[in-house]
Amino acid sequence: MTLKKILLLLITAFIFNIISYAEETDCKNLREMFQNNEAIIYAVNLRTFNADDKNGNGIIEFSTGETSGTFINAIDRLDELKEYGINTLHLLPITPVGEMKALGTAGSLYALSDFRTFNLQLADSQSELSVKNQAKKFVDECHKRNIKVIVDLPSCGAYDLFVNRPDLFVTDNDGAAYIPADWADVRLFNVPDDENLFKSDIFILHKRFVDNMIDIGADGIRADVATIKPYIFWKEIIKYTREKNKNFLFLAEASEAWTKPASDKAYFTDYKKLLEAGFDGYYGNFFELKNWKTADKLNGSILSRQKILKKYSEKKSVIGSFETHDEVSPLIIGGENYAKIIIWLNATLPLNPYYVDGFLQGDDYIYEYSHKKASETSTDDDYYYVHQGQIDIFNFSRKPQGDSDVLIKEHKLALSLRNKYADVIEKGKYIPLKTNNNKVFAYQRYLNGKSVIVIINRNLINSEKIKAKIKHLNKKNKYSFIKNKNNNSIVKSTFSAVLKPAEIIVIIVN
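Residues numbered from 1 in each chain as written. Predicted model: local features only at pLDDT ≥ 70, side-chain atom pairs only at ≥ 80, totals over all residues. Heavy atoms only, no water.

Colleague: Talk me through the overall build of the chain; I want residue IDs and the actual numbers.
Modeller: A count of helical and extended segments in the chain gives 13 helices and 19 strands. Seen through its principal axes, the chain has C-alpha atoms that stretch 75 × 70 × 55 Å. Expressed as a percentage of the 510 residues in the chain, the buried residues total 57%. Summarising the internal contacts of the chain: among those between residues at least 6 apart in sequence, 74% fall at separations of at least 24. Split by element, the accessible area of the chain, about 22200 Å² in all, is 51% carbon and sulfur. Across the chain, the centroid of the 68 positively charged side chains sits 13 Å from that of the 65 negatively charged ones. (Helix = DSSP H or I, 4+ residues; strand = E, 2+ residues; numbered from the N terminus. Buried < 20%, exposed > 50% of the residue type's maximum accessible area, 1.4 Å probe, protein only. Contact = heavy atoms within 4.5 Å. Areas by Shrake-Rupley, 256 points an atom, 1.4 Å probe, with all protein chains shown as cover. Lys, Arg positive; Asp, Glu negative; His and termini not counted. Charge placed at Lys NZ, Arg CZ, Asp CG, Glu CD.)

Encoded structure:
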């Protein structure tokens, strides 16, 4: 064989290996990605995701030719999300919503009225495809861009469903449906926790929901208030799903902070039992960040969680639930500086980063139409009901957006660092740094001689002096400041600085 042919064969083999590796990377399943903290998750309400509010009053008025978000027009925003580095979408519920005793003019996304089909509000009337096939087309378009899809499973039923199927619900002595907590627009499902579960209609209907999600190609389910159903229910639903798709992700809305049932007639299954039932992850208590003023709160949360997760035979993880659709916008809590802190914590802690549509654009979710008389309604509610400061899940309303490019740039910077040092951030040890100031978050991610060091002044108002002892640092190491070098220095493994309010320092050590 000539030298030319040998070289040609070697080059061909090299190219083939590159293509094979790329295909393997692109085709990695969501469950594996989540377990390894590789999922960058973006939560969206498809009803508003790409809504066209022409007159800018915040409300979609169909009588004037305005359009709400649909499965089809949502496709137009996927390249934008890809540019942000998003590789996973969390779709807030896409099931039909109730219209009776409803909240808002479109009805809450979480007031489920049918397990077996899809929300017609999300259908494009100009498409020849059925609503289910429109949903499948959207998921297919996500997959073409290597974006995985998690779909929300509501925990309770709408009053409409109770009227048609009262046998599915918990009732009082007078036969009235039971309202869990203060969730006025939904009713509590009656889920057996014994052998009667498997022949119950409520269990069968949940299996039909799973079938639908697999049919459209979804990669996982996020279980709304997963704690409200018994262990045996989730164990069997997850088993049923994994027999169809062993790589299907299950994410539980649960937290260490949740220690009581939502109401006196509701079950309570804590996050540990949910993980034991087969869930791959949960929320954690990161939404408590607004109350964490000291580093020991953050460090304690991370270290205790890692210790617990190691006990399971299969890998488990959490999402960075610093801001969710149930939480007030970080822009209201602490402005852009607080939002930047969330971005860097998401990018560098041992978790799967998580954002809600509008956060990166700087949306504060303040709606001028809140609780005003509606000009149009699809429910029996004549008023625009909203939770001010939270993304609107009750009305046909505007696309989440803001007027700031700062957070998008910050996110891209943080994500580029995360991608460049993925091995350290996804596999590295989490080391709280010894400091002289508990108001400063300081931690190190370490793996095989490389470190990503993050130092954050949690104080949004005042500057803070800080000395932090860095681990695994010697004279041979080279370090560089990726963010905010200023006049900061490292002398004999000790970092010293005066940090401005909410200042963030990121150091790389090789």
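Colleague: Help me get a handle on the layout of surface pockets, residues and values and all.
Modeller: Each pocket or cavity is described by its volume, and for the largest pocket that value is around 760 Å³. What lines the largest pocket is a set of 34 residues, among which Trp-183, Asp-224, Val-225, Glu-253 and Asp-326 lie closest to the centre. Across the lining of the largest pocket, the residue classes tally to 20 nonpolar, seven polar and seven charged. (1 Å grid on protein atoms, 1.4 Å probe; cavity = no way out; pocket = protein on both sides within 12 Å on 5 of 7 lines; lining within 4 Å. Points joined across faces, edges and corners; volume = space filled by probe spheres on them. Nonpolar A, V, L, I, M, F, W, Y, C, P; charged D, E, K, R; others polar.)

Colleague: Got a sec to walk through helix H5 (residues 131–144)? Specific residues and values, please.
Modeller: Taking 1.5 Å per residue as the helical rise, H5 with its 14 residues ought to reach 20 Å, and the 20 Å between its terminal C-alpha atoms agrees with that figure. Among the residues making up H5, those that are buried are Val-131, Gln-134, Ala-135, Phe-138, Val-139, Glu-141 and Cys-142. Along H5, the residues classed as buried sweep out an arc of 155° about the axis, all on the same side. Its buried side turned inward, H5 meets helix H3 (46–49), helix H4 (78–83), strand E2 (88–91) and strand E3 (148–153). With its phi angle positive at about 60°, Asn-146 sits one or two positions after the end of H5. (Expected span 1.5 Å × (residues − 1). Arc of directions from axis to C-beta.)

Colleague: A description of the sheet that holds strand E17 (residues 489–491) should follow, citing residues and the corresponding values.
Modeller: If you trace the four strands from one edge of the open sheet to the other, you get E12-E15-E18-E17, paired in antiparallel fashion. Of all strands in the sheet, those with a lone pairing partner are strand E12 (434–435) and E17, marking the two edges. Bridge count for E12 against strand E15 (residues 464–469) is two bridges, and the pairing is antiparallel. Across the sheet, Thr-435 pairs through a bridge with Ala-468, a residue of E15. (Pairing = 2+ DSSP bridges.)

Colleague: Talk me through the packing of helix H11 (residues 330–348) against helix H12 (residues 406–420); I want residue IDs and the actual numbers.
Modeller: One way to put it is that H11 packs onto H12 with a least axis distance of 8 Å and a crossing angle of 15°. Relative to H12, the element H11 is oriented roughly parallel. Both H11 and H12 take part in a crossing whose hand is right-handed. Residues Leu-331, Glu-336, Ala-339, Lys-340, Ile-343, Trp-344, Asn-346, Ala-347 and Thr-348 of H11 form the contact with H12, whose own contacting residues are Val-406, Leu-407, Glu-410, His-411, Leu-413, Ala-414, Leu-417 and Arg-418. Across the contact of H11 with H12, the residue classes tally to ten nonpolar, three polar and four charged. (Axes fitted to C-alpha atoms, helices over the stretch in contact; angles between N-to-C directions. Parallel < 35°, antiparallel > 145°, perpendicular 65-115°, else oblique. Left-handed = near helix turned anticlockwise from the far one by under 90°.)

Colleague: Mind laying out the environment of Ser-416, listing which residues take part and the relevant values?
Modeller: Position of Ser-416 relative to the elements: it lies in helix H12. When the C-alpha positions of Ser-416 and Val-191 are compared, they lie 45 Å apart, and in sequence the two are 225 residues distant.

Colleague: Would you mind going over the packing of aromatic side chains in detail, with residue names and values included?
Modeller: Counted according to the given criterion, the structure contains 19 aromatic pairs. On the numbers, 4.9 Å between centres and 35° between planes, the contact of Phe-169 with Phe-189 is tilted. Note that Phe-169 is positioned in the loop between helix H6 (159–164) and strand E5 (186–187) and Phe-189 in the loop between E5 and helix H7 (201–215), a separation of 20 residues in sequence. Of the two residues examined, Phe-169 and Phe-189, each falls in the buried class. Geometrically, the ring pair formed by Tyr-385 and Phe-394 is edge-to-face, given 4.9 Å between the ring centres and 85° between the ring planes. Residue Phe-394 is classed as buried on the basis of its relative accessible area of 4%. Of the aromatic side chains, those joined through ring pairs into one cluster are Phe-198, Phe-203, Phe-233, Trp-234, Phe-248, Phe-250 and Phe-279. Its end group placed over the ring of Phe-396, Arg-47 keeps NZ or CZ at 5.7 Å from the ring centre. If you follow Lys-101 out to its NZ or CZ, it ends over the ring of Tyr-159, 4.2 Å from the centre. (Phe/Tyr/Trp six-rings, centres within 6.5 Å; stacked < 30°, edge-to-face > 60°. Lys NZ or Arg CZ within 6 Å of the ring centre and 35° of its normal.)

Colleague: Tell me what's going on with the sheet that holds strand E14 (residues 450–457), and back it up with residues and numbers.
Modeller: The strands making up a sheet associate through backbone hydrogen bonding, with each pair oriented either parallel or antiparallel. Pairing in this open sheet of five strands is antiparallel, and the strands run E11-E13-E14-E19-E16 from one edge to the other. Looking at which strands have only one partner, the edges of the open sheet turn out to be strand E11 (429–432) and strand E16 (479–483). When strand polarity is set aside, the average angle formed by the axes of neighbouring strands in this sheet is 20°. Bridge analysis of E14 against strand E19 (residues 504–509) gives six bridges, and the strand direction is antiparallel.

Colleague: Mind laying out unusual backbone geometry, listing which residues take part and the relevant values?
Modeller: Residue Lys-101 is not a glycine yet carries a positive backbone phi of 50°. Following the sequence through the fold, Lys-101 ends up in the loop between E2 and H5. Overall, Lys-101 belongs to the partly exposed group, its relative accessible area being 45%.

Colleague: Describe H7, with residues and values.
Modeller: The terminal C-alpha atoms of H7 lie 21 Å apart, and with 15 residues this matches the ideal 21 Å at 1.5 Å per residue to within 8%. Among the residues of H7, those classed as buried are Ile-202, Phe-203, Leu-205, His-206, Lys-207, Phe-209, Val-210, Asp-211, Asn-212 and Met-213. Looking at the packing, one finds that the buried side of H7 touches H5, E3, strand E6 (220–223) and helix H8 (231–244).

Colleague: Describe the confidence of the model for the chain, listing the residues and the values that go with them.
Modeller: Should pLDDT be low for a region, the predicted coordinates there are not to be read in detail. When the pLDDT values of the chain are averaged, the result is 92; 94% of them are 70 or greater. Confidence over residues 3–25 falls short of pLDDT 50; this stretch has two contacts with residues more than four positions distant or in other chains. (pLDDT = per-residue confidence, 0-100.)

Colleague: Before we move on, could you go through the nonpolar core and cite the residues and values that matter?
Modeller: Within the largest apolar cluster, 133 residues are counted, with the highest numbers of intra-cluster contacts made by Leu-46, Leu-89, Phe-138, Trp-234, Phe-279 and Leu-345. Ranked by the residues each element gives to this core, the list is headed by H11, at nine residues. Residues contacting Leu-46, with those up to four places away along its chain left out, are Gly-69, Thr-70, Phe-71, Ala-74, Leu-91, Ile-94, Leu-122 and Phe-138. Core analysis: the second largest hydrophobic core is formed by 17 residues, Val-440, Phe-495, Leu-499 and Val-509 among them. (Core = buried A, V, L, I, M, F, W, Y, C linked by side-chain atoms within 4.5 Å.)

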